[in-house]
Amino acid sequence: MQYLAVLGRQPEISLAELQAQFKDVHKISNKVAIFKNDQVPDTNRFGGTLKFAKLLTKMPFDYLISLPEGKITLGVSDYSKKPSKKRAENEALKLKRTMKKRGRNVRVVPNKTPELSTATSHHNQLGEKPRHVELILVEKTWYLSLGAQNITAYAKRDQARPARDAKVGMLPPKLAQILINLCGPLKPGARVLDPFCGTGVVLQEAALMGYTPYGTGLSERMVEYSKKNLAWLASTAGNSANISPRSARLAGLADRAITPVKTGVIAPVASGNINELPAVDVSQGDATSYTWSAPIDAVACETYLGPPMSTPPVDIKLKTAKQECQTIILGFLKNISTQITPGTPLVLAIPAWLRPDNTYSHLNILDEIANLGYNVEKNFGRNNLLYARTGQVVAREIIILRKK
Ligand SMILES: C[S@@+](CC[C@H](N)C(=O)[O-])C[C@H]1O[C@@H](n2cnc3c(N)ncnc32)[C@H](O)[C@@H]1O
């Protein structure tokens, strides 16, 4: 089946994530890519994709008329190279009129833009319920949306966690998913290590994706935060934070039956005492010297990023931050290189700093990394896999490595 992916705010990163997971992904514009796959892609697993859609093999009217009785909610998005709000609106109204003649009621979701935003699609449950439909037009081809990113669940996973620390600059859950997916296809239950685990966002997302999270970190306090957050996650299994009981068991987060709680509600950690919940694999350890337990199937992490900064640093401050980060990152890669098997993927978000001229200053470590026994994926220009909000001083550059 042919699928369409609507790429996120940073299309090169979204595309890299898809290419790591599917074969022959073709970018057809800055907004969309197409690929063929046997299985239906799961929107909840791809931080970089806003919507997945499948090729519509019927004409839109024939599809709509084949839907079960009852009122239809219809949205139309135009993702063509030259998108037109008018075209999207006209197509939707034309379908509404034709359906009316056949005695079927259609509510059209108004277009503020040619493409319905993720929020509009999600809040109207387009692609999520049988008679809630989003038709996507790309030039002359129609696709049927399989649902937009569940922004409500992402926000809950980001904000409702009990242990948060603004100072360590928590990783957005979407970016954590991207880092994990960039490791390539992993077997269910694969053990994913984050040696700079902080508050545990990568561990949490790995668990949700059905992998076994394994975390270590320098600070005892952060390790406790990670444990607390994973325990909270296990306690929310089956609800809108989107962890299925199966994923929870696979990830070792729960060894007993989990009673799903009502959708839309996040349950608090049962008793507040994490010792009563199943043990999770998180320990204190310095990534430059720690001995991890096998197996390590993949490494996905946001490394130490240096001190937080709100304005572009002066040269001396930048030099110190770079030196400090470089020592830790290279020290970690040297330490782990003898502990992982050839072919193990490592995806790291490392710092890059905004300069007053609006360019980014990168760590100059790729050659040294190669000398430590890693293949560095060089398909991407360095600025392409740079994850930064506008004006953010410490950005995250994604590097993809594989143990030789
Ligand atoms: C940018 S934060 C990671 C935040 C994390 N992704 C989260 O979800 O909260 C980097 C973390 O690396 C830790 N760290 C710094 N030096 C380290 C080292 N040598 N070994 C292990 N962890 C280290 C810091 O304590 C911090 O928690």
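Okay, so let's go over this structure. Since the structure is predicted, the reported quantities are computational estimates derived from the model, not experimental observations.

1. Re the overall build of the chain
Then step 1. Looking only at helices and strands, one finds 11 helices and 17 strands in the chain.
Then step 2. Counting across all 404 residues of the chain, residues that qualify as buried make up 44%.

2. Regarding the nonpolar core
Then step 1. Grouped together as the largest cluster of nonpolar side chains are 99 residues, with contacts concentrated most on Ala 5, Leu 179, Ile 180, Val 202, Ala 300, Val 347 and Ile 398.
Then step 2. Among the elements that line this core, the one with the most residues is helix 8 (residues 220-235), at eight residues.
Then step 3. Each of domain 1 (2-149) and domain 2 (154-403) contributes no fewer than three residues to this core.
Then step 4. Those residues in contact with Leu 179, other than ones at most four positions away along the chain, are Val 202, Ala 300, Val 347, Ala 349 and Ile 398.

3. So, the site of the ligand
Then step 1. Taken together, 22 residues sit near the ligand, with Gly 198, Thr 199, Val 201, Leu 218 and Ala 287 positioned nearest.
Then step 2. Grouping the amino acids of the shell around the ligand by side-chain chemistry returns 13 nonpolar, seven polar and two charged.

4. Some details on helix 8
Then step 1. With 16 residues, helix 8 should cover 22 Å at 1.5 Å per step; its first-to-last C-alpha distance of 23 Å lies within 8% of that length.
Then step 2. With 13 of its 16 residues buried, helix 8 lies for the most part within the structure.

5. Here's the deal with the environment of Lys 54
Then step 1. Of note, Lys 54 is situated in strand 4 (residues 49-55).
Then step 2. Once residues lying within four places of it in the same chain are set aside, the contact partners of Lys 54 are Met 1, Tyr 3, Tyr 143, Leu 144 and Leu 146.

6. Description of helix 10 (residues 315-337)
Then step 1. For helix 10, with 23 residues, the first-to-last C-alpha span of 32 Å sits near the 33 Å given by 1.5 Å per residue.
Then step 2. Within helix 10, the full set of buried residues consists of Ala 321, Lys 322, Cys 325, Ile 328, Ile 329, Phe 332, Leu 333 and Ile 336.

7. What about the sheet that holds strand 2 (residues 26-27)?
Then step 1. Reading across from one edge, 2-3-1-4-8-7-5-6 is the order of the eight strands in this open sheet, with mixed pairing throughout. Each edge of the open sheet is held by one strand with a lone partner, namely strand 2 and strand 6 (106-108).
Then step 2. Relative to strand 8 (residues 141-148), strand 4 runs antiparallel, the two sharing four bridges. Within strand 8, the residue paired with Lys 51 across the bridge is Ala 148.
Then step 3. Each of strand 1 (2-7), strand 2, strand 3 (32-36) and strand 4 touches helix 1 (residues 11-21); the most contacted strand, strand 1, lies at about 145 degrees to it.
Then step 4. Helix 3 (residues 85-101) contacts strand 5 (72-78), strand 6 and strand 7 (132-138) of the sheet and is inclined by roughly 150 degrees relative to strand 5.

8. A short note on the environment of Lys 71
Then step 1. On the secondary structure map, Lys 71 appears in the loop between helix 2 (60-65) and strand 5.
Then step 2. Taking the C-alpha atoms as reference points, Lys 71 and His 132, separated by 61 residues in sequence, lie 9.0 Å from one another.

9. A look at the packing of helix 7 (residues 201-208) against helix 8
Then step 1. Interaxial distance between helix 7 and helix 8 falls to 9 Å at its minimum, and their mutual angle equals 25 degrees. Taken together, helix 7 and helix 8 sit at an angle that is classed as roughly parallel. Here the hand of the crossing between helix 7 and helix 8 comes out right-handed. Across the interface between the two elements, Leu 203, Gln 204 and Ala 207 from helix 7 touch Ser 226, Asn 229, Leu 230 and Leu 233 from helix 8.
Then step 2. A class-by-class count of the residues in the contact of helix 7 with helix 8 yields four nonpolar, three polar and no charged.

10. A look at the pairing of strand 5
Then step 1. Within strand 5, six of the seven residues are buried, which leaves it mostly tucked inside the rest of the structure.
Then step 2. Examined bridge by bridge, strand 5 and strand 6 share three bridges and lie parallel to one another. By the bridge assignment, Ile 72 is partnered in strand 6 with Val 106.
Then step 3. Handedness of the crossover is the feature at issue here: the chain leaves strand 5, passes through helix 3, returns alongside strand 6, and the resulting connection is right-handed.
Then step 4. In terms of strand pairing, strand 5 meets strand 7 through six bridges, oriented parallel. Paired with Gly 75 across the two strands is Glu 134, which belongs to strand 7.

11. Section: unusual backbone geometry
Then step 1. Note that the residue after Ala 294, namely Pro 295, is joined by a cis bond; omega there is -5 degrees.
Then step 2. With a phi close to 55 degrees, Gln 125 is a non-glycine residue in the positive phi region.
Then step 3. Within the element layout of this structure, Gln 125 appears in the loop between helix 4 (118-123) and strand 7.
Then step 4. One non-glycine residue, Glu 139, lies in the positive phi region at around 55 degrees.

12. Things to note about the environment of Lys 94
Then step 1. Position of Lys 94 among the secondary structure elements: in helix 3.
Then step 2. Along the sequence, Lys 94 and Phe 61 sit 33 residues apart, while their C-alpha atoms lie 9.5 Å from each other.

13. Considering the pairing of strand 17 (residues 394-403)
Then step 1. Judged by how many residues are buried, strand 17 sits mostly within the fold: eight of 10 residues are covered.
Then step 2. For strand 13 (residues 345-354) and strand 17, the ladder comprises nine bridges, and the chain directions are antiparallel. In the sheet register, Trp 353 faces strand 17, and the bridge partner there is Val 394.
Then step 3. Of the strand pairs in this sheet, strand 15 (residues 374-376) and strand 17 are connected by three bridges, and their pairing is antiparallel. By the bridge assignment for strand 17, Asn 375 is matched with Arg 402.

About the thresholds
- Residues numbered from 1 in each chain as written.
- Predicted model: local features only at pLDDT ≥ 70, side-chain atom pairs only at ≥ 80, totals over all residues.
- Helix = DSSP H or I, 4+ residues; strand = E, 2+ residues; numbered from the N terminus.
- Buried ≥ 20, exposed ≤ 12 C-beta atoms within 10 Å, placed from the backbone.
- Core = buried A, V, L, I, M, F, W, Y, C linked by C-beta atoms within 7 Å.
- Domains from an automatic or database assignment.
- Contact = placed C-beta atoms within 7 Å.
- Near = placed C-beta within 6 Å.
- Nonpolar A, V, L, I, M, F, W, Y, C, P; charged D, E, K, R; others polar.
- Expected span 1.5 Å × (residues − 1).
- Pairing = 2+ DSSP bridges.
- Axes fitted to C-alpha atoms, helices over the stretch in contact; angles between N-to-C directions.
- Parallel < 35°, antiparallel > 145°, perpendicular 65-115°, else oblique.
- Left-handed = near helix turned anticlockwise from the far one by under 90°.
- Right-handed = clockwise from strand over helix to strand, strands pointing away.

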